[in-house]
Amino acid sequence: MSGTRRVRTLVTGIQTCLGEALSLADRLEALADQVELPEPDAPLAGTGTRPTDQLHWPDDAWHTGSSAAQRVPIALSAAASIAREQAPALAGARWSAPAWTPVRQAGLAGHPTPGEPVSAPEVSVQGVSAPGVPVQGAAERHYRPGLWRVGRVIVPPLLPGGVAAEVPLAVSLLDGGNLRIVVDRDRRGEGVGVVRGLLTRVLAAAPAGSVRVIVYDPYELGAGLAGFAPLRAAGVASPTLTTRTRLEGVLAELSAEVGRITVDRLGGRFASLREREAAGLPRAEPWRLLVLLAWPSLADDAARALAAVAAQGPACGVHVIVLAEEGAAAPGARRGHDTLAHAETLWLTDDGGNRPAGDPGRPEGDRPSWRCSLSGPLRCDLDEPPPPDLVAAVAQIVAAAAAHEAARPPNARALLPETLWSFDAAGGLAVPVAFGPDGPVTLRFDDDTVHALVGGQAGAGKSTLLLDVVYGLAARYGPDQLRFHLLDFKEGLEFAQFAPRGDDPFVLPHADTIGMDSDREFGVAVLRHVRALMQRRALAMRAVGARDLRGLRAAQVGTGWPRIMIVIDEFQVMLTPLDAVSREAVSHLEVLARQGRAYGIHLLLASQTLSGIDALDATAGKRGSIFGQFALRIALRTSISESRVLLSTTNEAAGALAGVGEAIVNRRNGHPAGNELVRVAYPEPALLATLRASLSSANVSRTNVSRAAGNRPPKVFVGHAPALLDDNPLFRSLAGTPAPLDRGGPDRDALDPGHQDPGHQDDGEVAEPLALVGVPLDLHPAAVGVRLSPLPGRNLAVLGPLRREAVGVLHAAVTSLAAQAGPDGLGVDIVAVTGEMAPVADILAERVRAFGQAAEVHPPAALRRVLAQTSDAVRAREESALAVGTGPQHGPAQPLRLLVLFAADAGRGVLEAKDPVSRRSGLDDLRFVTRRGPVQRVHLLGWWRGPGRLLDDLGPTHRDDVGAWIAVGVPGNDLFSLAGNRSVTAVTSANRAVLFDRNGQAEARTIIPFAPLQRQVDAR
């Protein structure tokens, strides 16, 4: 038998008055065998003492011959002990007790603003302390409510001349029953004081945020409970209801909640949430208190809803406190409150003040006399209402603690596996990322829920959820079971922690691609790469007769075939605006979404908004054909309109979310019937540091792992970072021979990374020197450039006003050529056409000389002379080739000669002047070198600050003599003619350039140009 029932039994027995003492003793004796006493060594809740220290039952107390004078005091003592035990600490302390002192101090310290901690000393609520704000601790998570003190029961003396006894009067509420308080209309304030005191105890003793209060007050409009106003902002109390219409709406909602809890939580297995919690299941439902400060006259439907809430609500944590009026002033009220189920009653009597002053049963100071259904005819002396400052302090502390608790997500530590990489991905992936009413919530990526959509406003916890997924999957599945492609299209750097950075060498062993602040083109390249992998898997499946990845893995045991997870944050950036890039992205997404299930490829797409995506809205059916494959949807806090787009047109649940990390998990394509309310777990930095160390250690300890199983470093792309030539792996691999030709697409590169044939292809084709200019927005190769083959038009021009980008391209192109040339295989003439270009020209010359090649820097005045000398050198090489009767393809290899012009357009005035003897101008020499130099291995590399200036210098018949160009900061419309009368849609901006090579590719493409070199000698 519970302590609450025992108190009721014992106190009910005392109601017989003095003349029935023997009858009381007999009934207590009859109940003795039914009472479940605490274990002898068990401490009393909140006291730390043993029950036997307070409850002493003499062996002869129940003997028939014992007198009432013995047995009644023992019974009263037992009742008092149990009442104190079940109402410990703030639940039973008098208002003047020391237990309330820290609360008062917190109230005096100031009024906290929402979202700020309480500026006060450490406050302890239910034994949990925290600086300033009481927060939920381990003890509170297992909080079990007991009784709540409202006053004391006065027991007259047994014998004449004796002393009256008193027993604490405590009522059950949370997980107990309902409460009625009956007063006359002119004594209504005293009833409100009882309610105020009871709410003060409940809110102070229960964990912050675990009790929700709804008040109906049509008479004073909430004035009697105004001290609890701070609780509204924290969501602990709702705005006061003042009209019957609003109350009826709340009753409908409460009855629906009771029905939901009865079906979903109790489910016929448990009689109450208390019993369910005792069975070891978590309690996720708050206690709800409906406070009616007047008995309402309700319509039939609302009256039935109130009756249903009163009857079934206590089992579901929903309780009703009613303040009803006695007498003819409210005849319907008496009939109504008489029907309130599971309710104890307190009623105010008017005979206490008529008793003689010396009567020991008279309440002190002529205070009103109360009676309680628990104490029968015995009179009760209820506690005074709590002081206003104490009510205000409790409201402030609870509001601050509730806000703090609502903003604190659960810890992710309990969601990680005990052993790394202990799961098999053959049947799918599963990862717990949140906590729901029944414990951890697991997301699954398998044949039923192949892909997932995640949505939520900024700051709602979307990035945290993605980290939970990535870290959780990486801890459960080994690199041979799972591969990641991680793309982030916003400015955040959440995915940066998976790649080496600064002093942190950690690399996620499962990652193939890590993109931060990614470009749209790079994202499309990743999708293109994964689609190529899917096609390769399709060929492998057909070869062994497998229908899906599970069958392929079974047929080729030990060959890997991991599942592939593509995680894209703010994926809508890749699909806006509507252009060739977005159209290609939509095409890849549609194929991967439709066919990915069979090949073990999963998409996890996250966005702040799914509305207004150009490429989906402009293409009929694409939104439905893609998102229709995403059965799993996770919606964090967002607007109602976005909730309809993310979940379904009839599902607005995400619009009602308030706290950080609160989410709706739906596994039914967004249908409202599939909504699950969860709290996303928070991976604390200390936890992640430990996990990262474990992952690194486990990856290092793995031996004999094939490259396909994930032993190679990932492709890391940082969109805002400059491209550094010295750090580029392709440049670092150059050692006096031309860079190898690109042998395959992204799929080939991924399957056989780093395998290159220096200088020659398998078919015997000789590779020509490659002038590296930048990094592609692609998975391969590590760098891109222009091949300087002995063919017409193999010159390189940099066009545009962006000085940094232009200088970096020329630096990288010439330096990389120097790294590929053999001994004395390169000669470079560098002309700084303007004086300000001299420092960058000197740096370039130093780098070329560091490779053992010849380089000379010329001042602006030497431009005309250098052009004439270069023109003469071309003629000399032509004459030499004719003299031996061979072409450049068959004769001895000529040293590569480069003419590099910085700010070439600045010398237009000098170039236009003609030599008085030869009648040749500088422009004639420039056009001769560009037209006939490449065939003789003499190439021009120059920077013009605008496309029009280059065309003017080349003339209308020579524009094709520059077959490759790089635009930096030039509008696409200005490049139309240079691109072979094609529209250029690639992006030119800061740290971005457009590369066009007439012999290398049909379309212009965006690249990241190399940054200018610094004045230093190559450490190699």
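None of these values were measured; they are calculated from a predicted model.

A. Structural view of the pattern of salt bridges. Per the counting criterion, the structure on display carries 54 salt bridges. For Arg-692, the salt bridge identified is with Asp-504, shortest N-O distance 2.2 Å. On the criterion of sequence distance, the pair formed by Arg-692 in helix 21 (residues 685–701) and Asp-504 in the loop between strand 15 (482–488) and strand 16 (511–516) is long-range, its members being 188 residues apart. Across the salt bridge formed by Arg-998 and Asp-960, the nearest N and O atoms sit 3.6 Å from each other. Separated by 38 residues along the polypeptide, Arg-998 in the loop between strand 31 (993–997) and strand 32 (1005–1009) and Asp-960 in the loop between helix 29 (947–954) and strand 30 (964–967) bring together distant segments of the chain. Each member of the salt-bridge network shares a partner with another, and the members are Glu-257, Arg-260, Arg-265, Arg-276, Glu-285, Arg-288 and Asp-438.

B. How the structure looks around the state of the cysteines. What the rule picks out here adds up to 0 disulfides. The thiol of Cys-380 is unpaired, and the distance to the nearest cysteine sulfur, on Cys-372, comes to 5.4 Å. On the basis of relative accessible area, Cys-380 is assigned to the buried category, the value being 1%.

C. A look at the nonpolar core. In this structure, Trp-100 and Leu-346 are the most contacted members of the largest nonpolar core, which totals 68 residues. Core analysis: the next-biggest nonpolar cluster, separate from the first, contains 67 residues, Leu-533, Met-574, Leu-646 and Leu-1013 among them.

D. Broad picture of the packing of aromatic side chains. The full count for this structure, using the stated rule, is 10 aromatic pairs. Taking 6.0 Å as the distance between ring centres and 55 degrees as the angle between the ring planes, the aromatic pair formed by Phe-423 and Tyr-477 counts as tilted. In this pair, Phe-423 sits in the loop between helix 13 (388–407) and strand 12 (429–436) while Tyr-477 sits in the loop between helix 14 (462–476) and strand 15, placing the two residues 54 residues apart along the sequence. Judged by relative accessible area, which is 3%, Tyr-477 ranks as buried. With a centroid separation of 6.1 Å and an interplanar angle of 85 degrees, the aromatic rings of Phe-627 and Phe-630 are classed as edge-to-face. Across this residue pair, the class does not change: Phe-627 and Phe-630 are buried. Through pairs of rings, three or more aromatic residues link up here, namely Tyr-471, Phe-495 and Phe-498. The residue whose ring lies beneath Arg-875 is Phe-928, and the NZ or CZ to ring-centre distance is 4.0 Å.

E. Region of the structure containing the packing of helix 24 (residues 803–820) against helix 25 (residues 838–850). Running from amino to carboxyl end, helix 24 crosses helix 25 at an angle of 20 degrees, the nearest separation of the two axes being 9 Å. When the axes of helix 24 and helix 25 are compared, the pair comes out roughly parallel. Note that helix 24 runs across helix 25; the crossing there is right-handed. In contact with Arg-803, Val-807, Leu-810, His-811, Val-814, Thr-815 and Ala-818 of helix 24, helix 25 contributes Val-840, Ile-843, Leu-844, Arg-847 and Val-848. When grouped by side-chain class, the residues that make up the contact of helix 24 with helix 25 number 8 nonpolar, 2 polar and 2 charged.

F. Spatial organisation of the sheet that holds strand 25 (residues 796–799). The strand order across the open sheet built from 10 strands is 24-23-32-31-30-25-29-28-26-27, with neighbouring strands paired in mixed fashion. For this open sheet the edge positions go to strand 24 (784–787) and strand 27 (854–858), each flanked by a neighbour on one side alone. Pairs of neighbouring strands in the sheet enclose a mean axial angle of 25 degrees, with direction left out of account. Pairing between strand 31 and strand 32: 3 bridges, direction antiparallel. Residue pairing across strands places Val-994 opposite Thr-1006, the latter belonging to strand 32. Against the sheet, helix 26 (residues 863–884) touches strand 26 (826–832), strand 27, strand 28 (896–902) and strand 29 (938–944), its axis set at about 155 degrees to strand 28.

G. Representation of the packing of helix 7 (residues 188–205) against helix 13 in the model. The geometry of helix 7 relative to helix 13 is characterised by a closest axis approach of 10 Å and an angle of 35 degrees between their N-to-C directions. Crossing of helix 7 over helix 13 shows left-handed handedness. Listed contacts from helix 13 to Arg-196, Thr-200, Leu-203 and Ala-204 of helix 7 are Val-391, Val-394 and Val-398. For the contact of helix 7 with helix 13, the per-class residue count stands at 5 nonpolar, 1 polar and 1 charged.

H. Structural context of the confidence of the model for the chain. Here the chain averages 81 in pLDDT, while 80% of its residues score no lower than 70. Confidence drops under pLDDT 50 across residues 352–363; counting only partners more than four residues distant or on other chains, this segment forms 17 contacts. Below pLDDT 50 for its whole length, residues 703–710 participates in 11 contacts with residues either more than four positions away or in separate chains.

I. Highlighting the pairing of strand 30. Covered by surrounding structure in strand 30 are Ala-964 and Ile-966 together with Trp-965 and Ala-967, the residues of both alternating faces. The pairing of strand 25 with strand 30 spans 4 bridges and is parallel. Looking at strand 30, one finds that Leu-796 is bridged to Ala-964. Note: strand 30 against strand 31, 4 bridges, orientation antiparallel. Of the residues in strand 31, the one forming a bridge with Trp-965 is Phe-996.

J. Main features of helix 25. Spanning 13 residues, helix 25 covers 18 Å between terminal C-alpha atoms, matching the ideal 18 Å at 1.5 Å per step. Of the surrounding elements, those touching the buried residues of helix 25 are helix 24, strand 26, strand 27 and strand 28. Count one or two residues on from helix 25 and you reach Gly-852, which has phi positive near 80 degrees.

K. Spotlight on the environment of Phe-228. One can find Phe-228 in the loop between strand 6 (211–216) and helix 8 (230–233). Residue Phe-228 is classed as buried on the basis of its relative accessible area of 7%. Separated by 170 residues in the primary sequence, Phe-228 and Val-398 place their C-alpha atoms 9.8 Å from one another. Contact partners of Phe-228, with chain neighbours within four places excluded, come to Arg-196, Leu-199, Thr-200, Leu-203, Val-391 and Ala-395.

L. Summary view of unusual backbone geometry. For the bond from Thr-576 to Pro-577, the omega torsion is 0 degrees, close enough to zero to count as cis. Tracing the backbone through its elements, the reader meets Pro-577 in the loop between strand 17 (563–569) and helix 17 (580–599). We note that His-342 has phi near 55 degrees; this positive angle belongs to a residue other than glycine. Secondary-structure assignment places His-342 in the loop between helix 12 (331–338) and strand 9 (343–349). Residue Asn-991 is not a glycine yet carries a positive backbone phi of 65 degrees. Exposure remark for Asn-991: the relative accessible area of 10% places this residue in the buried category.

M. Representation of the pairing of strand 26 within the structure. Within strand 26, 6 of the 7 residues are buried, which leaves the element mostly enclosed by the surrounding structure. Here strand 26 pairs with strand 28 via 7 bridges, running parallel. Paired with Asp-829 across the bridge in strand 28 is Leu-899. Note: strand 26 against strand 27, 5 bridges, orientation parallel.

N. Focus on the side chain of Asp-512. Here Asp-512 lies in strand 16. Here Asp-512 falls in the buried class, since its relative accessible area comes to 13%. Engagement of the side chain of Asp-512 in a polar contact is seen with the side chain of Arg-483, the distance being 2.8 Å. Setting aside residues no more than four positions away along its own chain, Asp-512 makes contact with Arg-483, Phe-484, His-485, Arg-712, Pro-714 and Lys-715.

Definitions and limits used
- Residues numbered from 1 in each chain as written.
- Predicted model: local features only at pLDDT ≥ 70, side-chain atom pairs only at ≥ 80, totals over all residues.
- Heavy atoms only, no water.
- Salt bridge = Lys/Arg side-chain N within 4 Å of Asp/Glu carboxyl O.
- Helix = DSSP H or I, 4+ residues; strand = E, 2+ residues; numbered from the N terminus.
- Disulfide = S-S within 2.5 Å.
- Buried < 20%, exposed > 50% of the residue type's maximum accessible area, 1.4 Å probe, protein only.
- Core = buried A, V, L, I, M, F, W, Y, C linked by side-chain atoms within 4.5 Å.
- Phe/Tyr/Trp six-rings, centres within 6.5 Å; stacked < 30°, edge-to-face > 60°.
- Lys NZ or Arg CZ within 6 Å of the ring centre and 35° of its normal.
- Axes fitted to C-alpha atoms, helices over the stretch in contact; angles between N-to-C directions.
- Parallel < 35°, antiparallel > 145°, perpendicular 65-115°, else oblique.
- Left-handed = near helix turned anticlockwise from the far one by under 90°.
- Contact = heavy atoms within 4.5 Å.
- Nonpolar A, V, L, I, M, F, W, Y, C, P; charged D, E, K, R; others polar.
- Pairing = 2+ DSSP bridges.
- pLDDT = per-residue confidence, 0-100.
- Expected span 1.5 Å × (residues − 1).
- Polar contact = N/O pair within 3.5 Å; in protein donor to acceptor, adjacent residues only side chain to side chain.

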